[in-house]
Amino acid sequence: MIDSNDVTGTGVPDQGLSSDEAARRLAQYGPNALTEKKVSTLRKLFGYFWGPIPWMIEVAAILSGLVRHWADFWIIVALLVFNATIGFWQEFTAGNAVAALMKQLALKARVRRDGQWQEIDARQLVPGDIVRIRLGDVIPADVTLVEGDYLSIDQSALTGESLPVTKRTGDDAFSGTMVKQGEVVAEVTTTGTNTRFGKTASLVQQAKTVSHFQKAVLTIGDYLIYVSLALVAILVLVQLHRHAPWLDLVQFALILTVASIPVAMPAVLSMTMAVGAMALSKRKAIVTRLESIEEMASMDVLCSDKTGTLTQNKLTLGEIETFHAADEQEVLLAAALASREEDKDAIDEAVLEGVQDKNRLTAFRQTAFVPFDPVHKRTEATIQNASGSTFQVAKGAPQVIMEMAGLSGDMQARAQQVVDAFAIQGYRALGVARRDSSAVGWTFLGILSLFDPPREDSAETIAGTRTYGVNMKMVTGDNLAIAKQIAAKLGLGSNILRADALPTHGDGTDHKSSIEAVEKADGFAEVFPEHKFAIVKILQKRNHITGMTGDGVNDAPALKQADVGIAVSGATDAARAAADLVLTAPGLSVIVNAIEEARRIFERMNAYAIYRISETIRIMFFVVLAMIFFDFYPITAIMIILLAFFNDVPIMTIAYDHTGLEKNPVRWNMQQVITVATAMGIIGVVGSFGMLLIAMDWLHLDVTQIQTYVFLKMAVAGHLVLFIARTKDHFWKQPWPAPIMVWSAVITKLAATLLAAYGFGLITPITWPEIALIWGYSIASALVTDWVKVRVYRHMNRGTSWHRGFLARLQQPLHAFRRRK
């Protein structure tokens, strides 16, 4: 016998589980989450002692022990531990930052417990829970549908089916699948690793992608490794020809290679990304993919949803135009009955708020409800009144409701005039209809007007994005008149295209004029989901780095396709799962902050690339050439290790550096990076040889003192190069470096100076006048390097027009020759 309170026939009451029973089942079945395979902290730490770079350092340490250079041995070991600790700590910090941010994006579930509907974390669900699932949700656990009409579900991530699958009462639906249409009540059957999703988790794992910026920096790293290994090979061959002790030579070659390649690069990258993500999280923007911050630096087009993004999504009820209704309240009552308060829908809330006598609603009961979906564009409800008779009500897009009611002739013309009049005022129209059980067709009751005012910060945000060279385009499902009205208020422009004017393929096969129209448009009206996807594809085909904002399940494909997908505040689970950036505060103003942060990160990465290339050229070419020309070690192995210590600390602080902001989208210009870095590196090599000649021919120092000279010069000049590389203008101009960057450099330079002055048993000390000479020489050399850097930048900025003119001059004799021919 089935309990009278049982809605499913399975022993689950319609009041849902009690809190005590839910807690008992949670202890029994465990949380509704996949078991995460975690690597132990100790194993992660030991991982930093395993790999090509650690191997080279370890071999160098072993060789130092074999030749009984114990000072070298312990400092090399200290370098190994230092690199491992820094890398581990930066990964640990970045990982914790991402984990903390992702916790804020945990899936929620609407569950009935203790007789009340409430929202909880999906991981707290247990078998037997009664949940409500609606359009846009990611189904939180395996469930059986127990009440409602149907669900249209996208199971592609789980089964590979390309088309949505329809589920009805009694059918099972699976965790991790996305609801495309419909709304139901369901009972949770299995959770966590016991779900179909949990058992086939390997099928839905997403491969990690590497961003364009990371690829560029990693390419630079590979280039530096190849250059370093080539120079070291030349050095080894020359020294072996001179019959140098092979053990000492191999040890020195290993240490020189380690010092020249970008050992700190992974830590610098992860630290910079994590700092950027944390900065954005404080501004209510959560990064779901760290590398996407960088993509924003290149973004030049941003397509923005209108409702709830550019506007407040706080609809206010305006005028009501009656047709076949006795008065305005009859129209409003029918619209309210076609609404569902617990769904917290903006339109439903505005309609319900407008009902003067709320007690009238208690006389009716909803027996069936068909929620809004972007295809049918209406809600429908079956209502039972106090006497037991039933009727249906519907509200939705005026054109849809007019067609349902079969309006024609003068009545249709009048309805269209009302809709157009509301649109001119920027109002949104909502048609309302009713059908009695005895009637064949629908009766058109009237039209409601709703107004969604622009957000206070929208116009400022649009102006801000334009300041940074990002063109914003409005995308809305509203009609053309409303779209133009809102666009005018926001200062977007009046070139708004209707959906039927959009190209249909988005794959480059459309007419050229249509594609250009999309590129030049200020916005798009009466848009369906497939249009959003096509818009993004067309803009990307035109070589635009495109961002797209959205909040609904219908936006998910476009968000996924966009270079930067942005889920706005209140977005559905499906939209957030597809997005790279999730906004937790209303509006788009934080996007301007995200663009700024992305371009700062780009400048930091650009500065790091230039610094790293120039340092490798400066150290490797100088040391190798000096040994070949003068046949002695210009710097010892232990000094190279100490240099690595002193350079790594300031490099870590580059993640916090103050940088300039480019006013236009930025992309990697590898020609510029390599040219500037090479010019700076060559000046550094020339400067180092000048210092060496002064020490040898003017001061007549012995070899050990010369080595200390070279060590201090490289330590001081190396830090100055970092400050020079961080800007395209002279290094003393704003923006000035971050205090942490300055102090890290000051402390490490002071340490290097004291080491050169007193030796501490590690190196041969030199006098304070000699130290002063090195400092003066290094500063003068830095000024020359800075002057060369600025000249190279200015020359390359004029390069496009100069290059064209130069080529034209080269081609003039050829053209003249052809004319003579």
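Quick look at the structure, then.

What counts, and at which threshold
Residues numbered from 1 in each chain as written. Predicted model: local features only at pLDDT ≥ 70, side-chain atom pairs only at ≥ 80, totals over all residues. Heavy atoms only, no water. Buried < 20%, exposed > 50% of the residue type's maximum accessible area, 1.4 Å probe, protein only. Helix = DSSP H or I, 4+ residues; strand = E, 2+ residues; numbered from the N terminus. Pairing = 2+ DSSP bridges. Polar contact = N/O pair within 3.5 Å; in protein donor to acceptor, adjacent residues only side chain to side chain. Contact = heavy atoms within 4.5 Å. Phe/Tyr/Trp six-rings, centres within 6.5 Å; stacked < 30°, edge-to-face > 60°. Lys NZ or Arg CZ within 6 Å of the ring centre and 35° of its normal. Patch = residues over 30% accessible without salt bridge, like charges linked within 9 Å, V, L, I, M, F, W, Y side chains within 5 Å. Areas by Shrake-Rupley, 256 points an atom, 1.4 Å probe, with all protein chains shown as cover. Salt bridge = Lys/Arg side-chain N within 4 Å of Asp/Glu carboxyl O. Axes fitted to C-alpha atoms, helices over the stretch in contact; angles between N-to-C directions. Core = buried A, V, L, I, M, F, W, Y, C linked by side-chain atoms within 4.5 Å.

**Focus on the pairing of strand E16 (residues 471-475)**
Move 1: E16 sits mainly inside the fold: four of its five residues count as buried.
Move 2: Summarising the sheet, strand E9 (residues 301-305) and E16 pair through five bridges and their orientation is parallel. What sits directly across from Val-301, in E16, is Asn-471.
Move 3: Bridge analysis of E16 against strand E18 (residues 523-525) gives two bridges, and the strand direction is parallel. Within E18, the residue paired with Met-474 across the bridge is Gly-523.

**Remarks on the side chain of Ser-339**
Move 1: Assignment of secondary structure puts Ser-339 in the loop between helix H12 (328-337) and helix H13 (346-354).
Move 2: Given a relative accessible area of 5%, Ser-339 falls into the buried group.
Move 3: Within the structure, the side chain of Ser-339 is placed 3.4 Å from the side chain of Asp-348, a separation counted as a polar contact.
Move 4: The contact partners of Ser-339, leaving out residues within four places of it in the chain, are Asp-348, Val-351, Leu-352, Gln-366, Phe-369 and Lys-395.

**Some remarks on unusual backbone geometry**
Move 1: The phi torsion at Asp-631 lies on the positive side, around 60 degrees, for a residue other than glycine.
Move 2: Looking at where Asp-631 falls in the secondary structure, it is placed in the loop between helix H22 (589-630) and helix H23 (637-652).
Move 3: With phi around 55 degrees, Phe-760 is a residue other than glycine that occupies positive phi space.
Move 4: Relative to the helices and strands, Phe-760 is located in the loop between helix H26 (739-758) and helix H27 (768-797).
Move 5: With relative accessibility at 58%, the residue Phe-760 sits in the exposed group.

**Here we look at the side chain of Ser-778**
Move 1: Structurally, Ser-778 can be placed in helix H27.
Move 2: Ignoring anything within four residues of it in the chain, the contact list for Ser-778 reads Lys-713, Val-716, Ala-717 and Leu-720.

**As for the packing of aromatic side chains**
Move 1: Following the criterion strictly, the structure yields 11 aromatic pairs and no others.
Move 2: Between Phe-646 and Phe-711, the aromatic rings sit 6.3 Å apart at their centres with planes inclined by 50 degrees, giving tilted as the arrangement. Placement of the pair is Phe-646 in helix H23 and Phe-711 in helix H25 (residues 703-725), with a sequence separation of 65 residues. You'll find Phe-646 and Phe-711 in the same group, each marked buried.
Move 3: Aromatic pair Tyr-758 and Phe-760: ring centres 6.1 Å apart, planes at 50 degrees, arrangement tilted.
Move 4: One residue, Arg-414, lies across the ring of Phe-323, its end atom 4.0 Å from the ring centre.
Move 5: Arg-434 extends its terminal NZ or CZ atom over the ring of Phe-391, reaching a point 3.8 Å from the ring centre.

**Thoughts on a nonpolar patch on the surface**
Move 1: Together, Leu-750, Leu-754, Tyr-758, Phe-760, Leu-762 and Trp-768 line one region of the surface with nonpolar side chains, adding up to about 630 Å² of accessible area.
Move 2: For the nonpolar patch, the leading source of residues is H26, giving three residues.
Move 3: Within the secondary structure, Trp-768 sits in helix H27.
Move 4: Exposure remark for Trp-768: the relative accessible area of 44% places this residue in the partly exposed category.

**Quick look at the sheet that holds E9**
Move 1: Overall, mixed pairing links the eight strands, which are arranged E8-E21-E20-E19-E9-E16-E18-E17 in an open sheet. Pairing within the sheet leaves two strands with one partner each, and these edge strands are strand E8 (285-287) and strand E17 (496-498). Averaged over all adjacent pairs, the angle separating strand axes in this sheet is 20 degrees, with direction ignored.
Move 2: Seen against the sheet, helix H18 (residues 512-520) touches E16, E17 and E18 and runs at an angle of roughly 105 degrees to E16.
Move 3: Of the strands in this sheet, E8, E9, strand E19 (546-550), strand E20 (564-567) and strand E21 (581-583) are in contact with H22, which crosses E21 at around 145 degrees.

**Looking at the nonpolar core**
The tendency in soluble globular proteins is for nonpolar side chains to be buried as a group.
Move 1: The biggest cluster of nonpolar side chains holds 126 residues, and the ones touching the most others in it are Leu-256, Met-296, Ile-635 and Phe-711.
Move 2: The dominant element in this core, judged by the number of residues it contributes, is H22, at 23 residues.
Move 3: Not counting chain neighbours up to four residues away, the residues in contact with Ile-635 comprise Phe-252, Val-623, Ile-640, Leu-643, Gln-707, Val-710, Phe-711 and Met-714.
Move 4: Among the nonpolar cores identified, the runner-up in size contains 27 residues, and Leu-333, Ala-335, Phe-391 and Leu-430 belong to it.

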